[in-house]
Amino acid sequence: MPHSDPYDYIIVGAGSAGCVLANRLSASGRHRVLLLEAGGKDRSPWIHIPLGYGKHFTNPKVNWLYANEPDAAVANRRIPNPRGKVLGGSSSINGLVYIRGQREDYDQWRQLGNDGWSFDDVLPYFRKSEDQQRGADAYHGAGGPLAVSDPKTPHPLADAFIESAVARGYPRTDDFNGPNHEGFGYLQFTQRNGLRASAAVAFLRPARGRANLHIVTRAHATRVLFDGTRATGIEYVRNGRTETAEARGEVILSGGAINSPQLLQLSGVGPAQHLRDLGIAVVADRPGVGDNLQDHFNIRMVYRSRIPATLNDALNNPLRGARELARYALRRDGFLAMGASVAAGFFKTDPAAATPDIQASITLFSADKIGQKLHPFSGFSSIVRLLRPQSRGTVMIKSADPFEAPAIQPNFLHQPRDGEVLARGCQLLRRIVATPPLADLVEDEYLPGPDTVSDADMIEFLRNAGATSFHPVGTCRMGPDDAAVVDPRLRVRGLAGLRVVDAAIMPVIVSGNTNAPTIMIAEKAADMILQDAAEG
Ligand SMILES: Cc1cc2nc3c(=O)[nH]c(=O)nc-3n(C[C@H](O)[C@H](O)[C@H](O)COP(=O)(O)OP(=O)(O)OC[C@H]3O[C@@H](n4cnc5c(N)ncnc54)[C@H](O)[C@@H]3O)c2cc1C
């Protein structure tokens, strides 16, 4: 396929959304599709071995290594904000947890005027993408590209975590993606036979042999090309050379919630004054581009375990480490097959609330900072996550240089209620941990520890140790209003031939992890794009 001929679709970014689009838009063979990815191929075995997750936090080969701007509300820390830079994007480096959020999240999107995005509207797209290990039912699909699996083996600490929550009166659930999202139970993972099911593995591998799909890695898109207000192609840099590709159909931005608004702004689509100040010619004054950033602020509570059954124990002892390797090689289970968390709970900090506002999960390891050396003692952590933050932030370019990272300002804790709700969630988690059977397995709380008593103390701990859940969304907000960046068909308002399809379009963050929702968004977008093409 000659690269100089125009494409029907140019997709920027081979992440969770981009891989789905590349597959679906090229499936009929009728459309010429170009997929550009700034990162390289997903060859490293540690991408595919789930535990490799821990190795990618600081690895520039697969990670953009962003950091948020310092902010007094979080003790002026530059909180690391990793993003995948490799085929599969963040789905190649994420924690593998498969969670969709609540029915109410999508119903709210619909209530905001986004026709076609209620839970009942989007459920078919979740089902379409899914290959659920337990088989199909009203909520789940089987036979789709994305493997969703149960953990192979239970773990005594995860069992105890669930039992203690149940002892405190919380419901037990074996499916966070079924009719009821509330309760405690084991998680499911985007995984097949102990190997990661990234979007690249699930959607790109089966499509990459197609003659009408051209995948170019190490191609960093630097600008959308316009003829007036119509997008006509992409400029990108590969091996130090600037190249262009022409789109006769559409340019689709799937660079994720940090890079899609960045690329729009670099291309002259964004807050006009800011762009002019940086010397960028304005194509469209869209103040919403880069606005409305939302993320799940979280905190890691760390516990010392009385049983030496944690990942710390396995990795701090060479013999046990070797046993784990052998176990994985032979049976594809054990610690190497585990996602970031094993079990979780969704609960309410206010019993009068309609739905849970906190997610707490248990991870079978502990470290001072995520991605760093594990503690020398038997330790586990619980990540407590604020599901519906009120704080809103921004992603804004700092210069016209496409290789300079944008300023990422999530404004964590700027709304006092966010800190109050998360602090309450932490106190409730403490009560669960203090209840048998888990209480019998815990030596003590290592972080924040006994000096953190009141909610005010806890908020201070949040300021000094809180972090991102790696779920930035919302920076190219979908909406029916003029201030929205994209309309409910994900077309950039005021321009032709240009869509954004990725986590950036979420008007409001979902109450759960963001990979499955992003894959759903791309499934639905692919249908809309093909429908629009068919209708001419
Ligand atoms: C460490 C980590 C752990 C996570 N854990 C979980 C989890 O357990 N469960 C869950 O559901 N979610 C998790 N997430 C979040 C989830 O993976 C993301 O929300 C989701 O993958 C976002 O998909 P996306 O398509 O919007 O962006 P991405 O998957 O990030 O894809 C964007 C792609 O575009 C490429 N790109 C960007 N700019 C350019 C450019 N200018 N030119 C060319 N290519 C470009 C990038 O390199 C990348 O490959 C995690 C994320 C991280 C980083």
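Just above, that's the structure.
The structure reproduced in this document is the subject of the present report.

Reading the values: the criteria
Residues numbered from 1 in each chain as written. Predicted model: local features only at pLDDT ≥ 70, side-chain atom pairs only at ≥ 80, totals over all residues. Heavy atoms only, no water. Helix = DSSP H or I, 4+ residues; strand = E, 2+ residues; numbered from the N terminus. Rg over C-alpha atoms; globule rule 2.2 N^0.38 Å. Buried < 20%, exposed > 50% of the residue type's maximum accessible area, 1.4 Å probe, protein only. Contact = heavy atoms within 4.5 Å. Areas by Shrake-Rupley, 256 points an atom, 1.4 Å probe, with all protein chains shown as cover. Lys, Arg positive; Asp, Glu negative; His and termini not counted. Charge placed at Lys NZ, Arg CZ, Asp CG, Glu CD. Salt bridge = Lys/Arg side-chain N within 4 Å of Asp/Glu carboxyl O. Core = buried A, V, L, I, M, F, W, Y, C linked by side-chain atoms within 4.5 Å. Near = heavy atom within 4 Å. Polar contact = N/O pair within 3.5 Å; in protein donor to acceptor, adjacent residues only side chain to side chain.

### Quick notes on the overall build of the chain
Next, step 1: Secondary structure summary: the chain contains 14 helices and 24 strands in total.
Next, step 2: Its C-alpha atoms give the chain a radius of gyration of 22 Å, near enough to 24 Å, the size a compact globule of 536 residues would have.
Next, step 3: A principal-axis box enclosing the C-alpha atoms of the chain has dimensions of 65 × 50 × 45 Å.
Next, step 4: Taken over 536 residues, the chain has a buried fraction of 61%.
Next, step 5: Within the chain, contacts between residues at least 6 apart in sequence are counted, and of these 69% link residues at least 24 apart.
Next, step 6: About 20,000 Å² of surface is accessible on the chain, with carbon and sulfur atoms providing 50% of the total.
Next, step 7: Separation of charge centres in the chain, based on 59 positive and 56 negative side chains, amounts to 6 Å.

### Topic: the pattern of salt bridges
Next, step 1: Using the criterion set out here, one finds 26 salt bridges in the structure.
Next, step 2: In this structure, D131 engages R192 in a salt bridge whose closest nitrogen and oxygen atoms are separated by 3.1 Å. Taken as a pair, D131 in strand β5 (residues 130–132) and R192 in strand β8 (residues 191–192) lie far apart in primary sequence, 61 residues in all.
Next, step 3: Residue D481 is joined to R477 by a salt bridge in which the shortest nitrogen-to-oxygen separation is 2.7 Å.
Next, step 4: For D481, a relative accessible area of 29% gives the class partly exposed.
Next, step 5: When its relative accessible area of 23% is taken as the criterion, R477 is described as partly exposed.

### Some details on the nonpolar core
Next, step 1: In this structure, L21, W109 and L490 are the most contacted members of the largest nonpolar core, which totals 81 residues.
Next, step 2: Considering each element in turn, this core owes the most residues, nine residues, to helix α14 (residues 515–534).
Next, step 3: Discounting residues that sit within four places of it in the chain, L490 has contacts with W117, M478, L498, R499, V500, V501, I505, I521, A525 and M528.
Next, step 4: The next biggest cluster of nonpolar side chains, apart from the first, holds 48 residues, and it includes V342, A343, I362 and L428.

### Some words on the site of the ligand
Next, step 1: If you check the shell around the ligand, you find 39 residues, and the closest are S16, E37, S90, T514 and N515.
Next, step 2: Here a nitrogen atom of the ligand sits 2.9 Å away from a polar atom, N or O, in the main chain of A221.
Next, step 3: Within the backbone of N515, one N or O atom sits 2.8 Å away from an oxygen atom of the ligand.
Next, step 4: For the ligand, whose accessible area on its own is 1,000 Å², the fraction buried by protein is 98%.
Next, step 5: Those elements giving two or more residues to the shell around the ligand turn out to be α1 (16–26), β11 (219–227), α7 (256–266) and α14.
Next, step 6: No other element matches β11, which puts three residues into the shell around the ligand.

### Remarks on unusual backbone geometry
Next, step 1: P436 connects to P437 through a cis peptide bond whose omega is 10°.
Next, step 2: The residue after L447, namely P448, is reached through a cis peptide bond having omega 0°.
Next, step 3: Note that P448 resides in the loop between β22 (442–447) and α13 (455–465).
Next, step 4: For N193, which is not glycine, the phi torsion reads 50° and is therefore positive.
Next, step 5: Note that N193 resides in the loop between β8 and β9 (195–196).
Next, step 6: A relative accessible area of 56% means that N193 is categorised as exposed.
Next, step 7: One non-glycine residue, R332, adopts positive backbone phi at about 60°.
Next, step 8: Following the sequence through the fold, R332 ends up in the loop between α10 (318–331) and β17 (343–347).

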